[in-house]
Amino acid sequence: MGYTSKPLEELDVMDDFLFSAIAADREVGEAFCRKLLSVLLGRKIGKIRVTAQHTLPAPAPEYRGIRMDVEVEEYEEGQNDFSRLPDLFVITILNYDPFGCGYMMYTVENHCIEVPDLKYGDGLKFLYFYTGGTKGGSEEIGNMLRYLQHSTAENAMDTATKELHDYVSRVKIIPEVRQGYMSLSERFYYERREGARENTVDNILELLEDYGEIPEDLKERLNSIEDMALLKKYLKLAAKAESIAEFQTAISEQQK
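Because the structure is predicted, anything quoted here is derived from the model rather than measured.

Asks: Report on a negative patch on the surface, specifying residues and quantitative values.
Replies: Negative charge collects at one region of the surface, where Glu-198, Asp-202, Glu-206, Glu-209 and Asp-210 lie side by side. Relative to the assigned elements, Glu-198 resides in helix α5 (residues 175–208). Look at Glu-198 and you get partly exposed, because its relative accessible area is 40%.

Asks: Any chance you could break down the nonpolar core for me, citing the residues and the numbers?
Replies: Counting residues in each nonpolar core, the largest one holds 42 residues, and the members touching the most others are Phe-32, Leu-36, Leu-40, Ile-91, Ile-93 and Leu-148. When residues of this core are traced back to their parent elements, those giving at least two are α1 (16–24), α2 (29–41), β2 (65–73), β3 (87–94), β5 (124–130), α3 (139–149), α4 (159–172) and α5. Of the residues forming this core, the biggest block, seven residues, is contributed by α2. Each residue touching Ile-91, except ones within four places of it in the same chain, is listed here: Leu-37, Leu-40, Leu-41, Ile-66, Arg-67, Met-68, Val-70, Leu-127 and Phe-129. Grouped together as the second largest cluster of nonpolar side chains are 17 residues, Leu-205, Leu-208, Leu-231 and Ala-241 included.

Asks: Which residues make up the confidence of the model for the protein, and what values go with them?
Replies: Per-residue confidence for the protein gives a mean pLDDT of 84; residues scoring 70 or more make up 84%. Overall, residues 79–83 carries pLDDT values under 50, and its contacts beyond four positions in sequence, including any with other chains, amount to two contacts.

Asks: Break down the pattern of salt bridges for me, citing the residues and quoting the values.
Replies: All chains considered together, the criterion is met by eight salt bridges. Between Glu-216 and Lys-219 there is a salt bridge, with the nearest N and O atoms lying 3.6 Å from each other. A residue pair is termed a helical-turn pair when its members lie 3 or 4 positions apart in one helix, as Glu-216 and Lys-219 do in helix α6 (residues 216–223) at three residues. Taking the relative accessible area as the measure of exposure, Glu-216 reaches 48% and is therefore partly exposed. On the accessibility criterion, Lys-219 (28% relative accessible area) is partly exposed.

Asks: An account of the packing of α2 against α4 is requested, with residue identities and associated values reported.
Replies: Relative orientation of the contacting elements α2 and α4 amounts to 155°, with a least axis distance of 10 Å. Comparing their axes, α4 and α2 come out roughly antiparallel. Helix-helix and strand crossings are classified by hand; for α2 and α4 the assignment is left-handed. For the pair formed by α2 and α4, the contact residues are Ala-31, Phe-32, Lys-35, Leu-36 and Val-39 on the first element and Ala-160, Glu-163, Leu-164, Tyr-167 and Val-168 on the second.

About the thresholds
Residues numbered from 1 in each chain as written. Predicted model: local features only at pLDDT ≥ 70, side-chain atom pairs only at ≥ 80, totals over all residues. Heavy atoms only, no water. Patch = residues over 30% accessible without salt bridge, like charges linked within 9 Å, V, L, I, M, F, W, Y side chains within 5 Å. Areas by Shrake-Rupley, 256 points an atom, 1.4 Å probe, with all protein chains shown as cover. Salt bridge = Lys/Arg side-chain N within 4 Å of Asp/Glu carboxyl O. Lys, Arg positive; Asp, Glu negative; His and termini not counted. Charge placed at Lys NZ, Arg CZ, Asp CG, Glu CD. Helix = DSSP H or I, 4+ residues; strand = E, 2+ residues; numbered from the N terminus. Buried < 20%, exposed > 50% of the residue type's maximum accessible area, 1.4 Å probe, protein only. Core = buried A, V, L, I, M, F, W, Y, C linked by side-chain atoms within 4.5 Å. Contact = heavy atoms within 4.5 Å. pLDDT = per-residue confidence, 0-100. Axes fitted to C-alpha atoms, helices over the stretch in contact; angles between N-to-C directions. Parallel < 35°, antiparallel > 145°, perpendicular 65-115°, else oblique. Left-handed = near helix turned anticlockwise from the far one by under 90°.

Okay, here's the thing in structure tokens:
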């Protein structure tokens, strides 16, 4: 999911950083995942094992998604009955409709291509949830999806979402989480600034290449500049210049 400049207090559960922080928390992580899954799967959840979420590539920065690989063990602790395999779910929650049919959830199971009617009970299901869906699902699932998309106290409308909101609020005030988010924000700020700087230098060089080979010392000079305001001035000069020599003269006069 793309980086957002929101303060930590305003992050929604759909945010990659916040979801990962909650799921990994020793005190509330398991309870959070159990409650979330019990609503989405519409069943009581026994022992679970959740693989850390994967970052999902999105078609545009505003689109976000979280994925959970979940193993649910139905047999009770202390029993050695392995005749029934645990259920395996790959759960993907998105803020856009992956299939364009308006459903809250889509369930996909493996089947035999040659014999479509053959029952194939491998216990593996792929579940896709759309936070803006209006068809299918249930009222409880709809409440949960709305809360995941907009994780405010106002959207905690039933017992399950209120319980989740309590977990979310507790994690947001953990000092280590706050420090981690600040460090992440600083890193993204630097990366975005550096990317913009490099892009501006590339644009200047691309304009000058029309007039011949660019001297190495000029390339090094441009690449060493950190001041974005100055680079933007140089970009305008490069657009107006009719030769590399004219550009070099123009930037020299800028320094006087």
